[in-house]
Amino acid sequence: MDRSLYDRLGRLKLAIDKKSNASMIGSRKSTRKGSSAEFSDFREYMPGDDIRGIDWNAYARLDRLYIKEYMEEKESHVSIFMDTSSSMDYGENSKFTLMTELAAGLSYISLVNMDHVTLYDMAEAGRPYSASGGKAGIKNLTTVLERKKADGSVDIYKAVRRADHMYPGLTIICSDFLSEEFLPGNDTFAELLKYLAYMKQKVAILHIMAEEELDVKLQGTCNLIDMEDGENRIKVTMDDASIREYNRNRDEFLEAFRKTARRFGAAYFLCNTRDSFDKIIFEQLRPLYEW
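Residues numbered from 1 in each chain as written. Predicted model: local features only at pLDDT ≥ 70, side-chain atom pairs only at ≥ 80, totals over all residues. Heavy atoms only, no water.

1. Considering the overall build of the protein
When you go through the protein residue by residue, the secondary structure sums to nine helices and ten strands. The burial tally for the protein puts 45% of its 291 residues in the buried class. Put simply, 74% of the contacts in the protein that link residues at least 6 apart link residues at least 24 apart. (Helix = DSSP H or I, 4+ residues; strand = E, 2+ residues; numbered from the N terminus. Buried < 20%, exposed > 50% of the residue type's maximum accessible area, 1.4 Å probe, protein only. Contact = heavy atoms within 4.5 Å.)

Below is the structure:
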């Protein structure tokens, strides 16, 4: 990313409703009271309170002891789960490339606002990469992303459940969700969102699809190969009727995600590899930011 893009990203701020209760200092205001410089409210003095918090001017006026309370600044947590299965390495503009670009952009937005970022490769969710400390944290995180590759398969639900020490905050899941457990009629996606709600997460789903998957132009007889096991093959003849059937099933697949996300209060975004990084990050994902 060039300097001008960093500058534009730096003006954004992710809207994170659920604040961490971890003892880390950041730039977000917690609803808990603490000792930061921003004044919050008064309350009556109680035995055991620190007398340094007494407002003596209020005492002189009211002849009663009051304590000044301040908002406590807390570091919010952003967890980004990335699908690194082989199916993500598809498309003239690769789904995997778009995913890593978005992960880098959203991580930069988080870090510049002094949030804590945890990056999960869902193929090895037990070994996440954590970054904090502002802009300085983006360099190593970018290096980690550059070393990732799409290979094999992942179990998205199990990967999220394996994530340890998930503090309340924002969870972003990036995937094409092209596995049987996410087909319409299955409950895996709903169970995933229920689990994240239990973990006090605000959830954003980045459903990343290749242009070739959303606008099929195959013609004639084709041999389709399962990218994740390299073995399952099916021969199909792509004519007008086949493409209409594919489009119907694709739309049903995507609508099931939209409805389930809406039911559980998750933000859902269909990201097409045809669209530029700028269009997705600055326009499509606009509902994720504070304004």
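2. Here we look at helix H6 (residues 188-198)
Turning to H6, its buried residues number three or more, namely Thr-188, Phe-189, Ala-190, Leu-192, Leu-193, Tyr-195 and Leu-196. Note on H6: the residue one or two positions beyond its end, Lys-200, has a positive phi of about 60°.

3. Some thoughts on the nonpolar core
Counting 43 residues, the largest nonpolar core has Ile-80, Leu-106 and Leu-206 as its most contacted members. Residue contributions to this core peak at ten residues, all from helix H3 (residues 95-112). (Core = buried A, V, L, I, M, F, W, Y, C linked by side-chain atoms within 4.5 Å.)

4. Structural notes on the layout of surface pockets
Reported here for the second largest pocket is a volume of approximately 210 Å³. Thr-118, Tyr-120, Ser-130, Asp-164 and His-165 are the residues nearest the centre of the second largest pocket, which is lined by 16 residues in total. Of all elements in the fold, only strand S3 (77-82) and strand S4 (116-121) reach the threshold of two or more residues within the lining of the second largest pocket. Take the lining of the second largest pocket: its biggest share by element is three residues, from S4. Of the residues assigned to the lining of the second largest pocket, the class counts are seven nonpolar, seven polar and two charged. (1 Å grid on protein atoms, 1.4 Å probe; cavity = no way out; pocket = protein on both sides within 12 Å on 5 of 7 lines; lining within 4 Å. Points joined across faces, edges and corners; volume = space filled by probe spheres on them. Nonpolar A, V, L, I, M, F, W, Y, C, P; charged D, E, K, R; others polar.)

5. A look at the pattern of salt bridges
For side chains of opposite charge, pairing can occur when their charged atoms come near one another. Tallied over the entire structure, the rule returns 14 salt bridges. Between Asp-215 and Lys-217 there is a salt bridge, with its nearest N and O atoms 3.1 Å apart. With relative accessibility at 63%, the residue Lys-217 sits in the exposed group. Linked through salt bridges whose partners overlap, the residues forming this network are Asp-121, Glu-124, Arg-127 and Lys-148. (Salt bridge = Lys/Arg side-chain N within 4 Å of Asp/Glu carboxyl O.)

6. Some points on the pairing of S3
Burial of S3 is extensive: six of the six residues sit out of reach of the surface. Burial of the side chains of S3 extends over both faces: His-77, Ser-79 and Phe-81 are buried on one face and Val-78, Ile-80 and Met-82 on the other. Direction of pairing for S3 relative to S4: parallel, over a ladder of six bridges. Within S4, the position partnered with Phe-81 by the bridge is Tyr-120. Once the chain exits S3 it traverses H3 before rejoining the sheet at S4, and the crossover so formed is right-handed. (Pairing = 2+ DSSP bridges. Right-handed = clockwise from strand over helix to strand, strands pointing away.)

7. Comments concerning the sheet that holds S3
On the basis of which strands lie adjacent, the open sheet formed by six strands has the order S5-S4-S3-S6-S7-S10 and mixed pairing. Looking at which strands have only one partner, the edges of the open sheet turn out to be strand S5 (129-131) and strand S10 (267-272). Strand-to-strand twist in this sheet, taken as the mean axis angle between neighbours without regard to direction, amounts to 15°. Taken together, the six bridges between S3 and strand S6 (residues 169-175) define a ladder with parallel strand orientation. Bridge pairing links Val-78 to Leu-170 in S6. The strands that H3 touches are S3, S4, S5, S6, strand S7 (201-209) and S10; relative to S7, the one it contacts most, it runs at about 150°. Of the strands in this sheet, S7 and S10 touch helix H8 (residues 240-263), which is tilted by about 150° from S10. (Axes fitted to C-alpha atoms, helices over the stretch in contact; angles between N-to-C directions.)

8. With respect to the confidence of the model for the protein
Fine structural detail should not be taken from predicted coordinates in areas where pLDDT scores are low. Per-residue confidence for the protein gives a mean pLDDT of 86, with 84% of residues at or over 70. Overall, residues 20-26 carries pLDDT values under 50, and its contacts beyond four positions in sequence, including any with other chains, amount to 23 contacts. Contacts of residues 30-35 to residues separated by more than four positions or lying in other chains number 18 contacts, the stretch itself having pLDDT below 50. (pLDDT = per-residue confidence, 0-100.)

9. Regarding the environment of Ser-94
Within the secondary structure, Ser-94 sits in the loop between S3 and H3. By relative accessible area, Ser-94 is classed as buried at 13%. For the pair formed by Ser-94 and Glu-211, sequence separation is 117 residues and the distance between their alpha carbons is 9.4 Å. At 3.3 Å, the side chain of Ser-94 and the backbone nitrogen of Thr-97 are in polar contact. (Polar contact = N/O pair within 3.5 Å; in protein donor to acceptor, adjacent residues only side chain to side chain.)

10. With respect to the pairing of S7
Judged by how many residues are buried, S7 sits mostly within the fold: eight of nine residues are covered. In this structure, S6 lies alongside S7, joined through seven bridges in parallel fashion. Residue Ile-172 lies in a different strand from S7, and its bridge partner there is Ala-204. This β-α-β element, S6 to H6 to S7, shows right-handed connectivity.

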